[in-house]
Protein chains: 2
Amino acid sequence: MAITVVGSVAFDSIETPAGRREHCLGGAATYFSLSASFFTDVRVIAVVGEDFGRRQQAVFEARNIDTLGIEHTAGKSFFWEGSYLENLNEAKTHITDLNVFATFEPKIPDAYRDSEFLFLANIDPVLQRRVRLSLPDVKLVAGDTMNYWINGHRPALLEVLKGLDILLINDTEAKMLAENNNLVQAARAVMAMGPRLLVVKHGEFGATLFHRSTPESDGAHTFRAPALPLEEVVDPTGAGDSFAGGFFGYLAAQPKLTASALRRAMFYGSVMGSFACERFGTERLQALTREEIDERFNQFRELTHLD
Amino acid sequence: MAITVVGSVAFDSIETPAGRREHCLGGAATYFSLSASFFTDVRVIAVVGEDFGRRQQAVFEARNIDTLGIEHTAGKSFFWEGSYLENLNEAKTHITDLNVFATFEPKIPDAYRDSEFLFLANIDPVLQRRVRLSLPDVKLVAGDTMNYWINGHRPALLEVLKGLDILLINDTEAKMLAENNNLVQAARAVMAMGPRLLVVKHGEFGATLFHRSTPESDGAHTFRAPALPLEEVVDPTGAGDSFAGGFFGYLAAQPKLTASALRRAMFYGSVMGSFACERFGTERLQALTREEIDERFNQFRELTHLD
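Bear in mind that the values here come from a model prediction, so they are computed numbers and not experimental data.

Enquirer: Can you tell me about the interface of chain A and chain B, naming the residues and giving the values?
Expert: Opposite the 34 residues of chain A that make contact, chain B presents 34 residues. Taking both partners together, chain A and chain B bury about 3200 Å²; carbon and sulfur atoms supply 48% of that area. Of all residues in chain A, A:Arg224, A:Glu231 and A:Leu306 bury the most surface against chain B, accounting for 26% of the area lost on that side. Where chain A touches chain B, the interface holds eight salt bridges. Taken together, chain A and chain B are joined by 24 residue pairs in polar contact (both at pLDDT 80 or more). Those elements that provide at least two residues to the side of chain A that touches chain B are helix 6 (171-178), helix 7 (183-191), strand 13 (222-225), helix 9 (259-276) and helix 11 (290-304) of chain A. Looking at the side of chain A that touches chain B element by element, the count peaks at six residues for helix 11 of chain A. A class-by-class count of the residues in the side of chain A that touches chain B yields 12 nonpolar, nine polar and 13 charged.

Below you can see the structure in the form of C-alpha cells.
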C-alpha cells in the first residue's frame with residue numbers, strides 16, 4: 001500500500017569524527033522515503049529550490065519514489081549545517097536556512113489521494129495538520145516532531161497529535177512533551193494526547209513501542225527493539241527518519257496491523273536506522289539492497305533472542 | 001556450584017525522588033549475594049564494624065548465604081551517602097567513610113576453598129588480586145570495578161584484569177578503561193586486557209555481552225539483553241551488583257558455560273537489576289521469590305522476542 005510522506009527535502013553540510021561532507025542531499029522526507037521504498041510505494045510532498053537538480057532527482061527515481069508532489073520553486077532548498085564532534089548522539093546545529101521552506105504550502109497531487117498511509121515528518125505542525133485534513137481517508141497516520149515544536153508551538157502540535165495513530169519521537173522529546181521524566185509515565189501521557197501507539201527511539205540503544213492500555217497492564221504493552229552496536233558510526237544524520245521509514249514502510253506492506261507485524265516493524269526500523277549511520281548522508285541507503293536488509297534483520301534477532 | 005564473593009558490606013543513606021532512607025544495609029557484596037542466592041550457594045568475604053548486628057546478619061541468613069567470611073571488627077562499617085535527585089542514572093556521592101574497610105585484609109575461610117566460582121566486587125584492585133591468587137583453583141572468575149580505580153589505580157587494575165574471565169562494567173567505565181568512545185572498539189580493547197567475556201551495563205537500556213573474537217566477526221559475537229521500562233524507579237542503588245548476582249549466579253548453577261546459558265544469564269541479570277530498583281536498598285531483593293523472578297524472565301522475553 002502506498003505511503004504519502006510530507007516533510008523536508010534538503011541539503012546538509014555535516015561534520016562528524018569520521019570527516020566532513022558539504023551540501024549533500026538530506027531532509028527528513030528524503031531519508032524516510034529512501035528507507036520506506038525498500039518495503040512499499042512512496043510518494044513525497046515537499047518543496048525544493050533551484051539547487052535541486054537532475055542528480056538529486058535521480059536518487060529518488062532509482063528507488064521508484066513518486067516525486068510528483070515535490071514542488072520546484074525559485075530560490076534555494078532548505079539547508080542545514082551541523083556537527084557531531086563531541087557527541088555522536090546529538091547534533092550541534094550551526095546553520096538552519098529555511099529558504100524555500102519558509103513559505104511552503106503543501107499541495108497534494110490528485111494521484112496521491114488514494115494513499116492509505118500518511119507520514120507527517122518533522123515540520124511545522126500547522127502544515128502537518130493541513131496535510132492530515134486534506135487526506136481524510138487514509139487508514140493509518142504516523143508522525144514525528146522535535147523539541148522546537150514541543151517547546152514553542154505546543155497548541156498547534158497538540159492538534160496534530162489528536163489526528164495521529166502513531167507518534168515516533170526520541171526519549172528527550174517524549175519526556176519534554178509529557179513534562180515527565182519517567183519514560184513509562186511519559187509514554188502514557190503522550191498517548192493520552194492522541195496516538196494509540198508511541199515509538200520512543202533510544203539512539204544506540206534501539207527503540208521501545210508503547211501501546212495505549214489500562215494503567216494496570218504496564219510492561220505487558222511494550223516491546224523493545226535493539227540497535228546493533230556499530231563498529232563505526234560515520235554519520236547519525238537521518239537515522240531517526242530512516243527508522244521511521246523502515247517501521248512504517250514495513251507496516252504499510254502488511255495485510256493487517258497485528259502485534260506480530262508491529263514487532264517486526266520495530267526491528268526493520270532499527271535495521272534501517274543502523275544502515276543510515278554507516279556512511280555520510282543518504283549514501284548507505286542509496287547503495288542498499290533488500291537482501292542486506294533481511295540479513296541484518298536476522299542479525300538483530302540473533303543479537304537479542306534467547307534460543 | 002558455590003560462588004565466593006569478596007566486596008563491601010556496608011550501610012547507605014540514600015535520597016531519590018521517591019524519598020530518603022538512612023543507614024540501610026548495602027554494599028556491592030550484599031546486593032550481589034542476595035541476588036545470586038536465588039540461583040546458587042553464595043559465600044561472602046567482607047569486613048563489618050560493630051554497627052552490623054543480628055538484624056543485618058538475619059538478612060543474609062534468610063537467603064542461606066554463608067557469612068563465615070564476614071569479619072567483625074572494632075569500629076564502624078563502610079558508610080556511603082548519596083542521592084539521585086537530578087539523574088536516576090547517576091548517583092551523586094555526598095559521603096564515603098571507609099571506616100573498617102580502610103584496613104581490610106580479606107581472609108578466606110578454609111570452607112570456601114572448594115568454591116568453583118569467584119566474584120571480585122568493586123573494591124581496591126590490590127585486594128581483588130590478592131583474593132584471586134588465594135583461590136587459584138576456581139573455574140570461573142568474574143569482577144567489577146569503577147571509575148575511581150580505572151583513573152587512579154590503573155596498573156593494579158590491569159593486573160586484576162589479566163586474571164578475569166568476565167568483566168562487568170557500565171558504558172562510561174568501558175569507554176574510560178579503553179580510552180575509546182566507540183563501544184564496540186572499547187569492548188575489543190578491554191577484552192585484550194584479559195577478560196574473554198565483557199558485560200557492559202547500560203542502565204535503563206539493559207546490557208550487552210561481548211565475546212572475545214577476531215576483528216572480522218563484529219556483531220556476530222555480541223548479545224543484548226533488554227531492561228524493563230519501569231513505571232517507577234524508587235532507588236537504583238545496587239542495580240549493577242544485583243545484575244552481576246543474577247548473571248553469575250545463574251551461570252554458576254549451569255552444567256556448562258554454553259552460548260545459550262550466557263544469553264539466559266544476561267536476561268537473569270537484567271531481571272535482578274530491575275527488581276533491585278523497585279524499592280529502597282535491598283528491600284525488594286529480601287522480599288523476592290524465585291517464582292517472581294521466572295515470571296519477569298518471561299516478561300523480558302515477551303518484551304523483545306518477535307514471535
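Enquirer: Can you lay out the relation of the copies chain A and chain B for me, pointing to particular residues and giving the numbers?
Expert: Take chain A, turn it by 180 degrees, move it 0.0 Å along the axis, and it overlays chain B with an RMSD of 0.0 Å. Both copies are brought into coincidence by an operation consistent with a two-fold rotation axis. A high fraction, 100%, of the interface residues of chain A reappear at the interface in chain B, so the copies pair face to face through one surface.

Enquirer: A description of helix 5 (residues 154-162) of chain A should follow, citing residues and the corresponding values.
Expert: Residue and element names in this part refer to chain A. Three or more residues of helix 5 are buried, namely Leu 157, Val 160 and Leu 161. Looking down the long axis of helix 5, one finds its buried residues gathered within 100 degrees of arc, a one-sided arrangement. The exposed residues of helix 5 that point more than 90 degrees off its buried face are Pro 155 and Lys 162. Buried-residue contacts for helix 5 involve strand 8 (117-120), helix 3 (125-134), helix 4 (147-152), strand 10 (166-170) and helix 6.

Enquirer: Explain the sheet that holds strand 5 (residues 66-72) of chain A to me, and be specific about the residues and the numbers.
Expert: All names here are of chain A. Spatial ordering of the open sheet is given by 5-4-1-8-9-10-11-12-13, a layout of nine strands whose pairing is mixed. In this open sheet, the two strands that pair with only one neighbour each are strand 5 and strand 13. The mean angle between the axes of side-by-side strands here comes to 15 degrees, regardless of whether they run parallel or antiparallel. Pairing between strand 9 (residues 140-143) and strand 10: two bridges, direction parallel. Paired with Gly 143 across the bridge in strand 10 is Leu 167.

Enquirer: Tell me about the nonpolar core, and please be specific about residues and values.
Expert: B:Val9, B:Phe119, B:Ile166, B:Phe247 and B:Phe248 are the most contacted members of the largest nonpolar core, which totals 63 residues. Looking at which element gives the most residues to this core, the answer is helix 9 (residues 259-276) of chain B, with nine residues. Core analysis: the second largest hydrophobic core is formed by 61 residues, A:Val9, A:Phe119, A:Leu209 and A:Ala244 among them.

Enquirer: Kindly report on the sheet that holds strand 7 (residues 92-97) of chain B, identifying the contributing residues and their values.
Expert: Residue and element names in this part refer to chain B. Read from one edge of the open sheet, four strands run 3-2-6-7, paired in mixed fashion. Sheet topology places strand 3 (19-26) and strand 7 at the edges, where each strand pairs with a single neighbour. With direction set aside, neighbouring strand axes in the sheet form an average angle of 15 degrees. Direction of pairing for strand 6 (residues 78-83) relative to strand 7: antiparallel, over a ladder of five bridges. For Gly 82, the partnering residue across the bridge sits in strand 7 and is Thr 93.

Here is what the cut-offs are and how they apply
Residues numbered from 1 in each chain as written. Chains lettered and ligands numbered in written order. Predicted model: local features only at pLDDT ≥ 70, side-chain atom pairs only at ≥ 80, totals over all residues. Heavy atoms only, no water. Contact = heavy atoms within 4.5 Å. Buried area = accessible area lost by both parts, 1.4 Å probe. Salt bridge = Lys/Arg side-chain N within 4 Å of Asp/Glu carboxyl O. Polar contact = N/O pair within 3.5 Å; in protein donor to acceptor, adjacent residues only side chain to side chain. Helix = DSSP H or I, 4+ residues; strand = E, 2+ residues; numbered from the N terminus. Nonpolar A, V, L, I, M, F, W, Y, C, P; charged D, E, K, R; others polar. Least-squares fit on C-alpha atoms with pLDDT ≥ 70 in both. Buried < 20%, exposed > 50% of the residue type's maximum accessible area, 1.4 Å probe, protein only. Arc of directions from axis to C-beta. Pairing = 2+ DSSP bridges. Axes fitted to C-alpha atoms, helices over the stretch in contact; angles between N-to-C directions. Core = buried A, V, L, I, M, F, W, Y, C linked by side-chain atoms within 4.5 Å.

Such coordinate-based values are descriptive only and should not be taken to indicate function.
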